[in-house]
Amino acid sequence: MVSKVFLSILLSLNFLETIVGETRALNERELKLVKGYSLDSLLNFTELATEYGYASEQHTVTTEDDYILTMFRITRGKNCHGPIRKPPVLLMHGLLMSSDSWMDSGPKAGLAYLISDLCYDLWVPNVRGNYYSKKHVKLDPAKDYEFWDFSAIEIAYYDIPASIDYILKHTMSDKINYIGFSQGGGTFLMMNSERPEYHDKIRVGILLEPATRLTYTRSQLFRFLLDYYQANLPYLYQIGIYEALPQGGIVQEIAAFLCKNYVIADTVCRYFLSLIDSFHPGSIKTETIRVLMGHFPAGTSVKNMAYYGQALNADMFQKFDYGRSRNLQMYGTAQPPPFNLSAVTVPVVVIHGRNDFLTSPADVDWVSSNLPNVLENYYVVDPLSNHFDVTYSQFTTRFILPKIMEYLEKFSQYRDIYWDFYFP
Ligand SMILES: *[C@@H]1O[C@H](CO)[C@@H](O)[C@H](O)[C@H]1NC(C)=O
Ligand SMILES: *[C@@H]1O[C@H](CO)[C@@H](O)[C@H](O)[C@H]1NC(C)=O
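Cut-offs and rules
- Numbering of residues starts from 1 in every chain and runs along the sequence as written.
- Following the order in which they are written, the chains are lettered starting with A and the ligands numbered starting with 1.
- Per-residue local features are limited, in this predicted model, to residues with pLDDT of at least 70; the limit for side-chain atom pairs, both in listing and counting, is 80 or more; totals at the level of whole chains, interfaces and linings are taken over all residues.
- Hydrogens and water molecules were not included; the side-chain quantities draw on all heavy atoms of the structure.
- Secondary structure elements follow DSSP: runs of H or I no shorter than four residues count as helices, runs of E no shorter than two count as strands, and numbering proceeds from the N terminus.
- Contacts between residues were defined by any pair of non-hydrogen atoms, one from each residue, lying within 4.5 Å.
- In this scheme, a residue with accessible area under 20% of its type's maximum is buried, one over 50% is exposed, and one in between is partly exposed, where area comes from a 1.4 Å probe on protein chains only.
- One requirement defines pairing of two strands: DSSP has to find at least two bridges between them.
- Crossover handedness is defined by viewing with both strands directed away from the observer: a clockwise path from the first strand over the helix to the second marks the crossover as right-handed.
- Any Lys or Arg side-chain nitrogen found within 4 Å of a carboxyl oxygen on Asp or Glu counts as a salt bridge.
- By the counting scheme adopted, Arg and Lys are positive, Glu and Asp are negative, and His together with the chain ends is not counted.
- Here a polar contact means two N or O atoms within 3.5 Å. Within protein one must be a hydrogen donor candidate and the other an acceptor candidate, and residues neighboring in sequence count only if both atoms are side-chain atoms.
- Geometry is summarised by axes, namely lines fitted to C-alpha atoms with helices restricted to the contacting stretch, and by angles between N-to-C directions that run from 0 to 180 degrees.
- Should an angle lie under 35 degrees it is considered roughly parallel, over 145 roughly antiparallel, and from 65 to 115 roughly perpendicular; all remaining angles are considered oblique.
- Two helices that cross are described as forming a left-handed crossing if the nearer one is turned anticlockwise from the farther one by less than a right angle, and a right-handed crossing if clockwise.
- For this classification, Asp, Glu, Lys and Arg are treated as charged, while Ala, Val, Leu, Ile, Met, Phe, Trp, Tyr, Cys and Pro are nonpolar and the rest, including Gly, are polar.

Turning our eyes to something else, we now look at the environment of F357. Here F357 is to be found in the loop between β10 (348-352) and α12 (361-369). In this structure, the C-alpha to C-alpha distance between F357 and S219, residues 138 residues apart in sequence, is 5.2 Å. The residues touching F357, leaving out its near neighbours within four places in the chain, are T217, R218, S219, D277 and S278.

Within strand β6 (residues 176-181), six of the six residues are buried, which leaves the element mostly enclosed by the surrounding structure. Residues I176, Y178 and G180 point to one face of β6 and N177, I179 and F181 to the other, with burial holding for every one of them. Alignment of strand β3 (residues 85-92) against β6, held across four bridges, turns out to be parallel. Looking at β6, one finds that V89 is bridged to N177. Relative to strand β7 (residues 202-208), β6 is paired through five bridges, and the arrangement is parallel. Looking across to β7, one finds that F181 is bridged to L208. Once the chain exits β6 it traverses helix α5 (residues 183-194) before rejoining the sheet at β7, and the crossover so formed is right-handed.

What follows is about the pattern of salt bridges. For the structure shown, the criterion picks out 21 salt bridges. The salt bridge involving D140 is made with K143; its shortest N-O contact spans 3.3 Å. For K403, the salt bridge goes to E376, with nearest N and O atoms at 3.1 Å. One end of the pair, K403, is in helix α15 (residues 401-410); the other, E376, is in strand β11 (residues 374-379), with 27 residues separating them in the sequence. Here the residues in one salt-bridge network are E376, K403, E406 and K410, joined through shared partners.

Our focus in this paragraph is the pairing of strand β1 (residues 55-62). Pairing of β1 with strand β2 (residues 67-76), which is carried by eight bridges, proceeds in the antiparallel orientation. Its bridge partner being in β2, S56 is matched across the sheet by I74.

Residue P87 is reached from K86 by a cis peptide bond, and omega for that bond is 0 degrees. Within the secondary structure, P87 sits in strand β3. Across the junction of F296 and P297, the peptide omega takes the value -5 degrees, indicating a cis bond. Structurally, P297 is set in the loop between α9 (286-292) and β9 (300-301). Residue D66 is not a glycine yet carries a positive backbone phi of 75 degrees. For D66, the position within the fold is in the loop between β1 and β2. A positive phi is found at L96, a non-glycine position, where the angle reads about 65 degrees. Along the chain, L96 turns up in the loop between β3 and α3 (111-117).

With respect to the element layout, D356 can be found in the loop between β10 and α12. Here D356 sits buried without a salt bridge, and the closest side chain of opposite charge, R218, lies 7.6 Å off (N-O distance). Separated by 2.7 Å, the side chain of D356 and the backbone nitrogen of L358 make a polar contact. Among the polar contacts made by the side chain of D356, one reaches the side chain of H387 at a distance of 2.7 Å. Leave out the neighbours within four places in its chain, and D356 touches E209, R218, D277, P361, S385, N386 and H387.

Turning to the packing of helix α6 (residues 220-238) against helix α10 (residues 302-312), a few remarks are in order. Packing of α6 against α10 leaves a shortest axis separation of 7 Å and a crossing angle of 125 degrees. Relative to α10, the element α6 lies oblique. Handedness of the crossing formed by α6 with α10: left-handed. Of α10, the residues touching α6 (which contributes R223, L225, L226, D227, Y229, Q230, L233, L236 and Y237) are V302, K303, M305, A306, Y308, G309, Q310 and L312.

For the rest of this paragraph, the subject is the packing of helix α4 (residues 152-171) against α5. Contact geometry of α4 with α5 gives a least axis separation of 8 Å together with a crossing angle of 85 degrees. Classified by the interaxial angle, the pair formed by α4 and α5 is roughly perpendicular. In contact with A152, I153, I155, A156, Y157, I160, P161 and I164 of α4, α5 contributes Q183, T187, F188, M190, M191 and E194. In terms of residue class, the contact of α4 with α5 is built from eleven nonpolar, two polar and one charged.

Laid out in structure tokens, this is it:
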């Protein structure tokens with residue numbers, strides 16, 4: 001009896017706390033809505049999916065080195081009117097982005113919506129360090145610097161394999177199709193070069209503006225930013241700064257605060273985005289700019305920013321440069337070794353734009369020409385297509401989707417009847 005009363009008091013306290021917690025979160029969101037933030041900029045992946053009529057799931061993936069990642073899935077597109085095709089598709093975001101970047105331009109242009117509308121079983125991971133994947137079995141990202149001791153190389157070596165294995169296990173498939181943007185494309189190549197056992201788990205890799213070496217990056221602002229992290233890495237470590245540009249950090253908060261205003265979004269914020277990348281008038285809707293600033297920048301390690309800073313000044317696609325003496329210790333060579341692109345034997349399709357000021361055509365063509373199994377190195381028809389167009393343009397159905405569709409179709413089948421029977 002006593003224990004029952006005790007239990008019900010505990011339960012109701014727990015219940016109360018849940019309500020209070022929710023009200024608090026709700027209040028913060030409502031407050032922002034009143035202040036003029038766009039609703040979509042405040043929603044997470046599953047909330048966005050629900051808002052637009054898509055069924056989604058949230059999954060947790062643990063890597064070999066104990067990072068805890070959040071991966072989302074859209075099981076069936078709202079406009080999918082047929083059987084779901086196999087294999088599953090993995091859609092990987094870029095540097096400082098998250099799964100939500102694939103939704104910021106809305107259901108008529110966001111690739112997460114469009115690809116699931118084509119009846120693919122769509123999985124959208126988040127790599128270590130962004131706001132969905134800031135967790136670890138043992139390390140506390142708020143206290144332990146070891147959590148932040150990673151660059152794109154660890155993302156390639158641990159996060160992508162863990163995500164692939166999770167999808168294969170969960171869907172009882174033997175392969176996936178991979179689509180990766182920018183860092184998501186470069187890390188695909190690193191993984192396949194370092195872990196050839198993953199070749200058999202991939203049918204095709206579709207790489208959108210893959211970031212490898214950044215020798216010919218034209219954006220001065222982007223160069224300045226990455227150079228800053230590279231040059232100041234030891235100093236940042238000394239003063240205890242290991243995380244770069246988190247969501248909820250000062251840069252993101254100020255950007256979201258300013259860009260929520262339609263007029264400022266259409267002028268100042270648009271101009272700023274163009275300075276980071278390049279000018280492509282009319283491509284990104286002002287509403288998309290208002291929304292994306294709620295999800296970007298999504299955070300990474302300062303070490304990862306420094307790694308891309310090194311890539312600006314390298315003429316190879318290579319590992320992290322620790323400086324001569326530590327390189328000798330780690331790699332046995334004074335210079336960091338290049339990734340062995342000849343070992344990437346999986347079929348690859350490269351899609352990119354001529355006006356990309358971040359991953360420039362010269363660098364993307366360079367990596368394409370060094371891969372042994374490139375099915376096509378495709379330039380988007382619009383000569384002004386740039387980096388951010390992949391996630392944020394309102395014209396993705398016209399410029400990027402057809403090519404993605406072509407290769408997904410070529411490397412997919414409809415699930416056989418018994419498959420749907422046993423695993424509906
Ligand atoms: C997204 O929002 C929903 C609804 O508020 C919540 O239940 C879920 O935990 C959130 N997901 C993440 C990863 O924050
Ligand atoms: C690169 O990979 C290819 C193919 O697997 C292999 O033949 C070659 O020896 C490797 N090169 C180096 C330097 O490891």
